[in-house]
Each structure stands twice: as structure tokens, then as C-alpha cells.
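Analysis of the macromolecular model
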Amino acid sequence: MLVLLAVQAAAALVAPLLVRSLGRTAFVGLALVPAAAFVWILTQLPAVLAGRAVTEGFTWIPALGVDVAVRLDPLSALLSLLVTGVGALVVLYCARYFTPSSAALPRFAGVLLAFAAAMLALVWADDVIVLYVCWELTTIFSFLLVGQDAHKRASRAAAMQALTVTAAGGLTMLVGLVILAEAAGTYRLSAIVAAGPSLGGAAVTAGVVCVLVGALSKSALVPFHFWLPSAMAAPTPVSAFLHAAAMVKAGVYLVLRLAPGFASDPGWRPVIAIAAGVTMLLGGIVAARQTDLKLLLAHGTVSQLGFIILLAGAGTRDAALAAVALVLAHALFKSALFLTVGVIDRCAGTRDLRELSGLGRRAPVLAVVGTLAAASMAGMPPLYGFVTKEGAFEAFLHRAYGPWAEVVLALVVLGSVLTVAYSSRFVLGAFTNVFTTGAARTEWIRPGALFLAAPAVLGALSLVAGFVLGGFTPLLTAYADALPATYPTLLELKLWPGFTLAFGLSVLAIVLGMVVAAPRVADRLAAFRPLDAIRSEVTWRALVHALEKVALRVTVRTQRGSLPVVLCTILGVLLAGPGLVLVLSGALGGIRIDRFADSPGQVVMALLAVVSTAAAARARRRIAAVLLVGGLGYAVAVIFALAGAPDVALTQALVETMTLVVVVLVLRRLPADITEHHDRRRRLARLAVALPVGVLVALLGATALGARTQPAVSLAFPSQAYAFGEGQNVVNVTLVDIRAWDTIGELSVLLAAATGVASLVFLNRRTGLPPGGTRRRRRRATVDPAPGGGFGWLRGPTLERLARRFRPGPEPTERSLLLEVVTRLVFPTIMVLSIYFLFAGHNAPGGGFAGGLLAGLALVVRYVAGGRYELGEAAPVEAGTLLGAGLLLGGLSGVGGLVLGGEVLQTAVLEVTLPVLGTVKFVTSLVFDVGVYLIVVGLVLDILRSLGAELDRRTDPSAAAVGPERTEVHS
């Protein structure tokens, strides 16, 4: 099963390439993929019918008990046969539906195959989390398919509406599934259903209702039904597959799956009966008023889905049998009808039944196919739709809804009348001249055999299925028998049930439906404007508009551009939320302070931190405030060192230094003094917020430390550091091995931050390289003697003077010769020390992060001493190159563990014996550390070039007069 899913996913990846090279004919070959899955499922039916469910899986998240588990039982077999069978025919249909010149066809092919794979995985999933993942994948792929014509506003709006409604319902469903899983003590869906009858309570009822909300939103029931007709903006193959046979059946499948375990829950039947009953009637009424054939089928689908879920939610054996039979019948006739409309649209150029004339004689094969499918939808004998409708009537006569059985039966009969009405309207409007208003005969392009193949097969199956009930009824009965029987005589699906009360109700529905479908009655129904008031789409748009207005007003009132106001709002919410809970919960009584400090030095550093913080709050110059805040950081670094964490202390000190540099670079563009002086009242107000927040954070930390009930995971790290990661530095091994995936994510964040900073500063292009580009791309200029004789210690100032020969301007302030000399001498030492930190970090304090920060500080020294030209000389490489290379190395290091028999990103060891050096041990995590080193250096370089060199260029009067610097300066 998992191999089949992998093949389906691979086909989705290959499909765009095939369609791009072979054109639309590639769909013929792609149809073989779901067809092969269909055949495989057929081979598994004997085992499934014998009660042996086919299962596969593997552990995904062991700590949470989440497995990638798939299961093929009677219900999932039925749904997967529909997904693969109808899917194969729809993919084949695409080979002639789309024009050969469609530019978006490759993308469409890939997304359609991906949706088929996700839908197949959904009905096979036997784990709650896997089910939800597949559920949302179908939502995303549906969004892409509905919005296929992205240049059309209607397509974009419909796709967004469908995504919003179904995704919100999916999140609600996830909450409900988690509640049920926790109540059952397992995340296996089959086990949850088995434990369902023994579960109870308000929490379980709330979980059931949440799951039903997700199912109703996916299957387009009231009040979520409006997204489905809007989704008809999608191409017709999408409507035939997603909105008739697959996606909208996901909600039906979920109800059918959970019914054996939770149909007796107090929240189950009321929600389903009300939503499904109203949907069935509303959809039927609106469908009978439509003039667009595709919209007629869309609203008819809404009505039929209400009918199906009304049966599926009854929770009885007979209703379940009628429900699964109707699921099969609906997939056959509704897919055939949608594909028929697609042929009419392509060959006649219109879907408006008022403009179609004479198609019955000019397209007899299509007329027969459409009439058969519509007759099955209306429940006409001897088609399969008649068998399912008879079964539904019998199920409700067997008191499927207990004391409400008569009321529900009346609703079903009325819904059937409407079904006959809009089915007749479809046939009369598409293939006769009943609704045409003097229109000329419709132009018709004769469709090819391949174009008619898919709807013809589906229409024929609607006829044949009624005569071969014994072939597939055991599969339907195998599921239905899992539910309790509420009537002594078990329901059996028969082509001719005899003259029974159910047959009489069918005849009544057909007669009344024909009357409603008469042109005069239909026209009056279409002109009945009060029905427009019940359209939920209008309510939805009003709700969205109101939400936008509220969001705008809240934003205007809260986001006023004042940083103090925003901070006070955030901190106030913190006090009112977690602070209030902390006080009221009584958790403060569990705080224990075993010891005040480990050494007197920690007390001294803590007092220094407090003094620095208080002084920074009263500082009147920006640079003084920044330095005082830096003192706080250095005090924390010393506390770490005194606590026996030299690696953390080193990193804290380096990060604090780099932060000071970055802030100082920014402060150059701000006034030196803090000119905003607040009165005493405002200062006290801020103190009233700051002091409680500080106390709250301290209490939260103490409470978290005292609330631990299990041993910390990190207690095992020291013993695992060398055995698992081949290193004695626990911090470094944790970063590059034990929690390497977390580090990969953090590196990605660093790269995104660097890109964002540079994008905000470099509006036209990234620059900052030395004049002339890299050393290989430019001709090195001879270093000019320094002014007044002598030799320049750094190349940057000399290159700047060289550049001013071609761009005259005032000379910059004289630089410090002492600083240049010290920089020339210290820079190599710092770089060597950074390399030492890089290589020694696996067993001693250091690592790629610390080494990269130290190298970045070396670049800072070069920039401070020689300016932006000197920075370019020190690092003649693009920052983006370093960032990309670092992330690439970090990712490739994971391959080392796999090649040497380990796991992804697990440290592997290579030991070689060299003639002079002896035995040398190399750990693959060093490659990861090198990637970290490059990313940190690239980040610092990007910040220096954006906040340093670029701002220098903008403040240079001569540069501003001439424009952006050229990337090359000739000597």
C-alpha cells in the first residue's frame, strides 16, 4: 500500500515533465497509474471480504505514538475504488478536454495526480495525525485546482473561499480527533472507533461535534455549502473528480468511519439531522432554478451530499447500507453528468440551457449517456440510482432516526421530488428545445471517441450496476454489518423490490418531480426571489467584510506607530493572562529555592547586572544606554562561566559584542541624545508595567523549574556526548548531533534574517565588494604611498583615495594610524583563533558558531579601522555565497551518517593512519560545524555591508552627488 502511494506521488512529480514533452496526450499514459491502483485494490477484495483487513505502517513520531499506518477494510476499499477508478477515467478525459496550447497544463497534471494520491492516502489512513495531514493536503491541492485559471478573478475568489472554509473545518476536526484519541488512549483510528461505545462525557461529545464540523465543511453541508457551487469556476474534470467522486466524499467517509463508534453520542444525530435535512432541501430548490448546467449539477451535488450524510449519520445497519450504496451511485452518475457538461461546453461553446438547441439529435451518444446518468440521479428504474433510493426509503421506514423517523422520511421524499425535478431540467435543457427562447440551432463540433469514453463508461455503469448487484453488494454489506440492526427484517438491495410502500414513495416522488420540472412551474420557481435571501454566500461575504472592518479598526487603535504603546500592550496582556493564571492557580506555593547562589562572584555579577539595567533606564545618551545594556550581557556571561559553562559563556560574550557593534552601526544615523523626556507621571506608569513583568518572568522561571516531575532529558547528554557524538563538549555535540535538526532550522532562520536585512537596505542591488570585484576579477592596483610618505598599513584607505581620483569629493576624517597598525597585527591572530575554535569545539569550548562570531568580529575590526573599502579587501566574496555554501554544507553533512550506516545528521567517525601524524580521527559533524561557521560569517558580513558600508556610501556627499558606486575602479 505504501509503495502504491509512493508510485502515485512519483507520478505527480513526473506528470508535468511528460505533459510538457508529449502534450495533452500524456494524460493517456498517466491514467494508467490510478488504473493500476484500481486493479490492485480489486485483487485485495477477497481478503477484505473475508474480514482480514490489509494493513501496513511504520513508526513516525515514537514519543507521541504517531505512526504512518494505512488500512484497507470494506469502507476504505469502496472509497479507494471510486478514487482510483473515477480518477483514471477523469485523467483520460483530460487528454481531449484541454486545448493543446494550454500553458498551465503541466502544472495542472501534477496537481491532479497529487490530489489523487492524497485522497487515496486519506481513505487508507489509520492514524489520526496522518488522516489530518492528508485531509489538509486535499484542501491545498483543491485550492490549486479550483484556481487553475489564475488570471480570472472568479477562479481566484472561489479557490480562496474553498480553502478558507475547508481549512477552518479541518482545524476544528483536528481538535475533535485529538480529544477522541486522548479519551480512547490511542491515535489509531480503528481503535478509536472500536472504543467509541465505551466513551462518554462532555469532552467526548465536544470532540464528536468538532469532528462533524470538519466533515460538514468538507462535504459542503449547511452552513458551509456555498463554497461548492462557487468552486465550479474550476475546469470540468476537477468538478467531476473532486466535487462528485472524491474530495466532497471525504466528509461522508469520515461520518461513515466514525458512525459505528459514536452514532449513539448525544451530539451526533441532532447535528447531522438538522444540517443534512436543510442541505438536501435547500440544494434541491436552488438546483431546480438554475440555467447553467454546471451550476445545476453543483447545487444538486449539495442536495445529494445532504441526503448521503443523513443516511450515513443514522447509525443503523440498514441506513449504513443505503448510504454506501448511494455513495457508489452518486460517484457514477454525477461524474458522468459533469463530464457530459464538459463535452457540451467544449463542443457547443455554452452551458446555458436557454441557448442549447437540437443537441439530442446531433449528439445522440452524448444524449444517451447524459440521460442515463440523470435518470439514475432521479432514481428511475432499472438504474442503480433507483436501487439506492429504494434502499434509502426502506431504511427510514425501518425507523433509522427513532421517534423522528416520520419527519426525516418526509424530508427525504420531498428532497427526492426536487431531485427528479432538477434531473429532468438537466435532460430537457441540455438535449431538447423546451427551454430555448427562439434561439437558433446551436453550433456543434463533433467530439471524438476518446472525449466521450469516460462519460460513456460511467453512464453505462449506472445502468449495468443495477443488474449485477451480487458482484459488489457484499462489499457494501461488509461495512454495514458493523452497525446495529434496528429492524427484524434486514435491508437487501434489489433491482425490483416489489409493490412496497417504499416503491410507492418512489413513484410519488417521480410524478411530483415531473410536475415541478414542467417549464411553467420551473419558471415560476426561478422567479421566486425570496429564495435569494437564504443564500449563505451573501452571509459569508458580509461576515468576511465585517471581519475586515473590525480588524482594520483594531489595527488603527492598537498599532499607532508608538513602540512604548505596543510594548505596554503586549506586556499588559502577559500580566493579565499568564500572570493572573499563575496567581490564581496556586502554583506559587510550589516554588522552592534550595540555594541562593553557587559562589560570591555570582552575587557580584548579579548586582552589576541590576546596576547596569537601572543606569541604562536613566541614561540620556544613546551610546551610553547601549553600553550599559551590554554590561548586563557581559555580567550574564560571567555568571555562566562561574557556573561551570565556559562554552555558553564564550558564546554569550561574543554574541553580546556583536550585538553592540550592530546597534552602534545603526546609532550613527540617530541623534546622539535621547531627546524625548517624559514627565514623572509617564515614567511611573512605565515602571508600573516593567516591575510587575520582571517579577512575573522570574516567578514563571522559578515555577517552571519547580514543576518538573520527570528527569530532565539533558541529564543523559554528558554520557551520550562521546558515545553517541564522539565529542567531549556537550554543548557542541548537542548542537551538531543530538539536536542537529533544530540547528538546521535555526541556520535557515539566520539566513532568512540576513536576506531580510540586506533587502531592506539594498534597494537596487547588493554591493559592498572591493572596487573591481573579487581579486581574480580585477587587476590589482599598486598600493600608493601614504600621504606624506611611508607605506599604508591597510589597503582600504589607499583604495578609497584611488577611487576619489575618479569621483572628487571632500576627504574623509583622518583615520588613526595606531588603529591601522594594531588591526594589521591583530587580524591574522583573531582569524587563526577563530579557526582553532572551529576545529577544537567538538572537545573543548568553541565550535562553528563561536568561531564564526570571532571571525565576524575580526571583520568588524577591519571595517572600523579602514572603512568600507577595507571591509571589501578583507572579505572579497559575496555574503550570499557564504550563506548558501554554509547551509548546503550543513545539509550535506547529514549524508555522511547515512553513507557510514548511521542516521541522517548522526556523527560518523573516520579513522586513518598517516605516516607522520599517526592515527587521525575525523568526525562528520565537523562538516556541519564548518557550515555553521560560514553562515555566521556570511551573516556578519551582510550586516556590515548593509548597516555599515552601504550607510557609509549613502552619507558620503561625493557618492550621493555621483550616484551608486561602480563595481570596478581602474588603476
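Below or above, wherever it landed, is the structure these notes cover. Since this is a predicted model, take the numbers as computed values, not measurements. (Residues numbered from 1 in each chain as written. Predicted model: local features only at pLDDT ≥ 70, side-chain atom pairs only at ≥ 80, totals over all residues. Heavy atoms only, no water.)

**Digging into the pattern of salt bridges**
Condition: A carboxyl oxygen of Asp or Glu within 4 Å of a side-chain nitrogen of Lys or Arg is what we treat as a salt bridge. Counting from the N terminus, the helices are the DSSP runs of H or I reaching at least four residues and the strands are the DSSP runs of E reaching at least two. The rule is simple: take the accessible area with a 1.4 Å probe, protein chains only, and divide by the maximum for that residue type; under 20% is buried, over 50% is exposed, in between is partly exposed.
Under the criterion given, the structure shown has 11 salt bridges. Asp 67 is the partner of Arg 188 in a salt bridge, and the nearest nitrogen-oxygen pair spans 3.5 Å. Note that Arg 188 is positioned in the loop between α7 (153-184) and α8 (189-195) and Asp 67 in strand β2 (residues 66-72), a separation of 121 residues in sequence. Accessibility expressed as a relative area gives 18% for Asp 67, which makes it buried. With its nearest N and O atoms 3.1 Å apart, the salt bridge here joins Asp 292 to Arg 351. In this pair, Asp 292 sits in the loop between α13 (268-287) and α14 (293-312) while Arg 351 sits in the loop between α15 (317-348) and α16 (359-362), placing the two residues 59 residues apart along the sequence. Where salt bridges share partners, they join Asp 67, Asp 126 and Arg 188 into one cluster.

**A closer look at the packing of α15 against helix α21 (residues 469-480)**
This is how it is decided: Note on geometry: axes are C-alpha line fits, over the in-contact stretch for helices, and angles between N-to-C directions span 0 to 180 degrees. To sort the angles, those under 35 degrees are grouped as roughly parallel, those over 145 as roughly antiparallel, those from 65 to 115 as roughly perpendicular, and the leftovers as oblique. Handedness of a crossing is defined here by the sense of rotation of the near helix relative to the far one, left-handed for an anticlockwise turn of less than a right angle and right-handed for a clockwise turn. By definition, residues are in contact when any of their heavy atoms lie within 4.5 Å. Under this grouping Gly is polar, as are all residues other than the nonpolar Ala, Val, Leu, Ile, Met, Phe, Trp, Tyr, Cys and Pro and the charged Asp, Glu, Lys and Arg.
Between α15 and α21, the least distance of the axes is 8 Å, while the angle of their chain directions is 135 degrees. Overall, the two elements α15 and α21 adopt an arrangement that is oblique. Regarding α15 and α21, the two cross each other, and that crossing is right-handed. Residue-level inspection shows Arg 317, Ala 320, Leu 321, Val 324, Ala 325 and Leu 328 of α15 in contact with α21, the latter providing Phe 472, Leu 476, Thr 477, Tyr 479 and Ala 480. A per-class count over the contact of α15 with α21 returns nine nonpolar, one polar and one charged.

**Looking at empty space enclosed by the protein**
Rules: Each cavity reported here is a set of points on a 1 Å grid over the protein atoms alone in which a 1.4 Å probe fits but cannot get out, each pocket an open set with protein on both sides within 12 Å along at least five of seven lines, and each lining residue one with an atom within 4 Å of a point. Grid points are joined across faces, edges and corners, and a volume is the space filled by probe spheres set on the points.
For the structure on display, the rule yields eight cavities of 30 Å³ or more. Empty space within the second largest cavity amounts to approximately 70 Å³. Taken together, Gln 304, Phe 307, Leu 326, Phe 333, Ser 376, Met 377, Gly 379, Gly 385, Thr 388, Lys 389, Ser 416 and Thr 419 form the lining of the second largest cavity. At the level of secondary structure, the elements contributing two or more residues to the lining of the second largest cavity comprise α14, α15, α17 (364-378), α18 (384-397) and α19 (405-431). Tallying contributions element by element places α18 first for the lining of the second largest cavity, with three residues. A per-class count over the lining of the second largest cavity returns four nonpolar, seven polar and one charged.

**Some points on the packing of α13 against α19**
Two elements in contact, α13 and α19, have axes separated by 9 Å at closest approach and are oriented at 25 degrees. With respect to α19, the axis of α13 lies roughly parallel. Between α13 and α19 the crossing geometry is left-handed. Every residue of α19 that contacts α13 at Met 280, Leu 281, Gly 284, Ile 285 and Ala 287 is listed here: Leu 411, Val 412, Leu 414, Gly 415, Leu 418, Tyr 422 and Arg 425. In terms of residue class, the contact of α13 with α19 is built from nine nonpolar, two polar and one charged.

**What about a nonpolar patch on the surface?**
For clarity, the cut-off: Two joining distances apply to patches: 9 Å for like charges and 5 Å for nonpolar side chains (Val, Leu, Ile, Met, Phe, Trp, Tyr), and every residue must have over 30% relative accessible area and no salt bridge. Per-residue and other accessible areas were derived by the Shrake-Rupley procedure at a 1.4 Å probe size, with only the shown protein chains allowed to occlude residues.
Judged by side-chain polarity, Leu 888, Leu 892, Val 895, Val 899, Leu 900, Leu 910 and Phe 922 come together as a nonpolar surface patch covering roughly 630 Å² of accessible area. In terms of residue count, the dominant contributor to the nonpolar patch is helix α36 (residues 879-899) (four residues). Its location among the elements puts Leu 892 in helix α36.

**Structural notes on α17**
Stated formally: The span expected for a helix works out to 1.5 Å for each residue beyond the first.
End to end, α17 covers 21 Å across 15 residues, agreeing with the expected 21 Å (1.5 Å per residue, within 8%). All of the buried residues in α17 are Leu 366, Ala 367, Val 369, Gly 370, Ala 373, Ala 374, Ala 375, Ser 376, Met 377 and Ala 378. Packed against the buried residues of α17 are α14, α15, α16, α18, α19 and α20 (449-464). In the stretch just after α17, Gly 379 is the one whose phi turns positive, near 85 degrees.

**What about the pairing of β2?**
Put simply, the test is: Any two strands with at least two DSSP-identified bridges between them are counted as paired.
Most of β2 is tucked away: six of the seven residues are buried. A loop of four residues connects strand β1 (residues 54-61) with β2, the two strands running antiparallel in sequence, and Gly 65 in this loop sits at a positive phi of about 70 degrees.

**Comments concerning helix α3 (residues 32-49)**
The α-helix winds at 3.6 residues per turn, so residues separated by three or four positions along the chain end up facing the same way. Heads up, the condition is: What the bend at a residue measures is the angle between two axes, fitted to the seven residues ending there and to the seven starting there.
Over its 18 residues, α3 runs 26 Å from end to end, which matches the ideal 26 Å to within 8%, given 1.5 Å per residue. The largest bend in α3 amounts to roughly 35 degrees and is located at Thr 43, with the proline Pro 46 lying one to four residues further along. Taken residue by residue, α3 has Val 33, Pro 34, Ala 37, Ile 41, Gln 44, Leu 45, Ala 47 and Val 48 as its buried positions. One or two steps after α3, the chain reaches Gly 51, where phi turns positive at roughly 90 degrees.

**Points about the environment of Ala 240**
Position of Ala 240 relative to the elements: it lies in helix α11 (residues 236-245). Owing to a relative accessible area of 0%, Ala 240 belongs among the buried residues under this scheme. Counting along the chain gives 96 residues from Ala 240 to Ala 336, while the straight-line C-alpha distance between them is 7.5 Å. When sequence neighbours within four positions are dropped, the list of residues in contact with Ala 240 reads Val 90, Ala 245, Ser 335, Phe 338 and Leu 339.

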